[in-house]
Amino acid sequence: MSNILVTLLALGLASSVKGGCIGEISSLDDVPTAQTCSTVNINSFTVPPGVGFTLNLTNGATVNLNGNVLFGNMSWSGPLFTVSGDNITFNGNGNIFDGGGPFYWDGLGGNGGVEKPAPMMKIKISGTYSNVVVLNSPERAYSVSNPGPLVMRNLIVDDSQGDVPNAQSNGLPAGHNTDGFDVSTTNLVIQDSLVHNQDDCLAVNRGSNIVFTRNTCINGHGISIGSIASNVTVDGVIISNNIIIDNDQALRIKADATSIGSIVTNITYSGNIAIGMRMFGILIDQSYPDTLGVPGNGVIISDINFISPQTVIEVDSGADQIAINCGIGSCEGLWNFADLSVIGGIEGPINNFTGVEGFTQT
Ligand SMILES: *[C@@H]1O[C@H](CO)[C@@H](O)[C@H](O)[C@H]1NC(C)=O
Ligand SMILES: *[C@@H]1O[C@H](CO)[C@@H](O)[C@H](O)[C@H]1NC(C)=O
Ligand SMILES: *[C@@H]1O[C@H](CO)[C@@H](O)[C@H](O)[C@H]1NC(C)=O
Ligand SMILES: *[C@@H]1O[C@H](CO)[C@@H](O)[C@H](O)[C@H]1NC(C)=O
Ligand SMILES: *[C@@H]1O[C@H](CO)[C@@H](O)[C@H](O)[C@H]1NC(C)=O
Ligand SMILES: *[C@@H]1O[C@H](CO)[C@@H](O)[C@H](O)[C@H]1NC(C)=O
């Protein structure tokens, strides 16, 4: 054998031995050693209050969640869990990360009351992330900023206990700002997942090439682009074949009234089914955080289309079928709404825009 070949073989062997270990995590003390391994097993344990569980994985590592992880209850900023690494295979195996939400919930979310760890789960991996259950997020559940292509699938975010008031919430639903997925990224697919919460199922704040498909959203504020702050672009989002049940609205684009220098374009909806929308079928509004307030001019929205198969939305009586509230000149072009059907409700306002094609409110 040539010297070069011997050297290559030796290097390969050394690296496979180094990374080839199986790391076992049963407490935070195990993390520094375990995260250097190519396989990392997380066993059931409780993370002490007031600290995060942070995993920085080696390229190509596989993680197996083999038991439930609970987080100690304490008011602090979070996040509770952070995972980073490239080409990771993260298998949740149906096990639970329990955020202890009822300990924090006071009906106020991020707007006051006790400080709540948020986001609960910070996902900074490429690869796949699957079969994880997040139970009772104190506030926002997932924040996703993947360094390369990532598929998230078969996930559950269960904040259903937050639907009802508790002793701290003054009659309000206890859970608030419990967003399912907050996304500012490119090359992300979220599919076959279920979110039961009290805020956005998905919120895309910026990014491109994002697909949200075959998910189920229960009780929250629907599937959102935004809110859109200043100097950001959202370009290329596909929202398809989702089921949306008992939300405030099914599909929303929300731009901050004060934003400047931002673009929302190339958003495609198809095959979504929504039942029991409380306020709107579709809401596209440039006056956020107001609803149908005075719109701003700093976010240009274009190329918003409904394509086959048809998206069908059933709204409550008294709810607007669609409402579009644009600043003068800031919604552009023609939007094809031919493959949208809205059942029930009343005609909503369309302000400063005449480009909707193929759909008439009844
Ligand atoms: C992860 O560890 C690598 C070194 O192994 C380091 O360069 C990188 O900054 C760490 N990433 C995070 C998010 O801590
Ligand atoms: C991840 O895997 C892909 C496909 O195998 C490869 O092209 C890419 O270089 C890998 N990324 C890293 C950071 O290892
Ligand atoms: C935190 O408090 C909540 C609500 O009381 C409870 O469900 C959860 O089990 C607690 N978590 C821990 C780790 O004790
Ligand atoms: C947006 O960009 C403009 C022009 O570059 C800059 O003046 C402004 O501070 C930016 N605003 C934010 C919120 O980033
Ligand atoms: C729109 O976005 C999709 C990805 O969602 C992309 O494939 C397509 O090229 C984009 N179209 C335009 C005109 O940029
Ligand atoms: C049209 O947009 C302007 C701001 O560009 C706003 O002042 C006005 O209220 C909008 N018209 C309607 C009917 O909302």
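Overview of the structure. Because the structure is predicted, anything quoted here is derived from the model rather than measured.

Evaluation of the coordinates by the stated rule reveals three disulfides. What pairs with Cys21 in a disulfide is Cys37, and their sulfur atoms sit 2.0 Å apart. The chirality of the disulfide connecting Cys21 with Cys37 is left-handed, given an S-S dihedral of about -110°. With Cys21 in the loop between α1 (3–19) and β1 (22–25) and Cys37 in the loop between α2 (31–34) and β2 (39–42), this pair connects stretches of sequence that are 16 residues apart.

Ligand 5 sits among Gly236, Ile238 and Asn266. Here Asn266 contributes a side-chain N or O atom positioned 2.3 Å from an oxygen atom of ligand 5. Its free accessible area being 360 Å², ligand 5 has 40% of it covered by the protein chains.

As summarised here, the arrangement of the eleven strands in space is β3-β6-β8-β10-β13-β15-β17-β20-β23-β26-β30, forming an open sheet in which the pairing is parallel. Two strands in the sheet have a free side with no partner beyond their single neighbour: β3 (45–47) and β30 (340–343). Each strand axis lies, on average, 10° off the axis of its neighbour in the sheet, ignoring direction.

Most of strand β27 (residues 320–325) sits out of view: six of its six residues are buried. Here five bridges tie strand β24 (residues 280–288) to β27, and the two strands are oriented parallel to one another. Considered in β27, the bridge of Asp285 is made with Asn325. Across two bridges, β27 lies against strand β31 (residues 350–351) in parallel orientation. From the neighbouring strand, Ile324 faces β31, where its bridge partner is Ile350.

Turning next to the nonpolar core. Formed by 84 residues in total, the largest nonpolar core has its most connected members in Tyr129 and Tyr142. In this view, Tyr129 contacts Phe90, Phe97, Met121, Ile123, Tyr142, Leu150, Val151, Met152, Arg153 and Leu155; residues no more than four positions away in its chain are not counted.

Moving on: the pattern of salt bridges. Taken as a whole and judged by the stated rule, the model has six salt bridges. Measuring nitrogen to oxygen at the nearest pair gives 2.8 Å for the salt bridge that ties Asp192 to Arg214. In this pair, Asp192 sits in the loop between β14 (181–191) and β15 (194–196) while Arg214 sits in the loop between β16 (202–213) and β17 (216–218), placing the two residues 22 residues apart along the sequence. For Arg214, a relative accessible area of 46% gives the class partly exposed. Through salt bridges that share partners, Asp200, Arg252 and Lys254 make up one connected network.

Glancing now at the environment of Pro173. For Pro173, the position within the fold is in the loop between β13 (156–158) and β14. Given the relative accessible area of 39%, Pro173 is considered partly exposed. Pro173 sits 90 residues away from Val83 along the chain, and the two C-alpha atoms are 30 Å apart. In this view, Pro173 contacts Gly107, Gly162, Asp163, Val164 and Pro165; residues no more than four positions away in its chain are not counted.

Relative to the assigned elements, Gln35 resides in the loop between α2 and β2. A relative accessible area of 17% means that Gln35 is categorised as buried. Once residues lying within four places of it in the same chain are set aside, the contact partners of Gln35 are Val40, Thr54, Leu55, Asn56, Leu57 and Thr58.

By secondary structure assignment, the location of Val47 is in strand β3. Among the residues examined, Val47 registers a relative accessible area of 0% and is labelled buried. Separated by 20 residues in sequence, Val47 and Ser27 have C-alpha atoms that sit 7.1 Å apart. The contacts of Val47, once residues within four sequence positions are left out, are Leu28, Phe53, Val69, Leu70, Phe71 and Gly72.

Before going further, it helps to examine a nonpolar patch on the surface. A cluster of nonpolar side chains, Ile243, Ile273 and Ile275, forms an exposed patch at the surface whose accessible area comes to about 230 Å². When you line up the elements, Ile275 lands in strand β23 (residues 273–277).

Another point: the pairing of strand β21 (residues 249–256). Here β21 lies mainly inside the structure; eight of its eight residues are buried. With five bridges joining them, strand β18 (residues 223–228) and β21 adopt parallel strand pairing. Along β21, the bridge assignment pairs Ile228 with Ala255. Summarising the sheet, β21 and β24 pair through six bridges and their orientation is parallel. Counterpart to Asp256 in the pairing with β24 is Tyr288.

Analysis parameters
- Residues numbered from 1 in each chain as written.
- Chains lettered and ligands numbered in written order.
- Predicted model: local features only at pLDDT ≥ 70, side-chain atom pairs only at ≥ 80, totals over all residues.
- Heavy atoms only, no water.
- Disulfide = S-S within 2.5 Å.
- Helix = DSSP H or I, 4+ residues; strand = E, 2+ residues; numbered from the N terminus.
- Near = heavy atom within 4 Å.
- Polar contact = N/O pair within 3.5 Å; in protein donor to acceptor, adjacent residues only side chain to side chain.
- Areas by Shrake-Rupley, 256 points an atom, 1.4 Å probe, with all protein chains shown as cover.
- Pairing = 2+ DSSP bridges.
- Axes fitted to C-alpha atoms, helices over the stretch in contact; angles between N-to-C directions.
- Buried < 20%, exposed > 50% of the residue type's maximum accessible area, 1.4 Å probe, protein only.
- Core = buried A, V, L, I, M, F, W, Y, C linked by side-chain atoms within 4.5 Å.
- Contact = heavy atoms within 4.5 Å.
- Salt bridge = Lys/Arg side-chain N within 4 Å of Asp/Glu carboxyl O.
- Patch = residues over 30% accessible without salt bridge, like charges linked within 9 Å, V, L, I, M, F, W, Y side chains within 5 Å.

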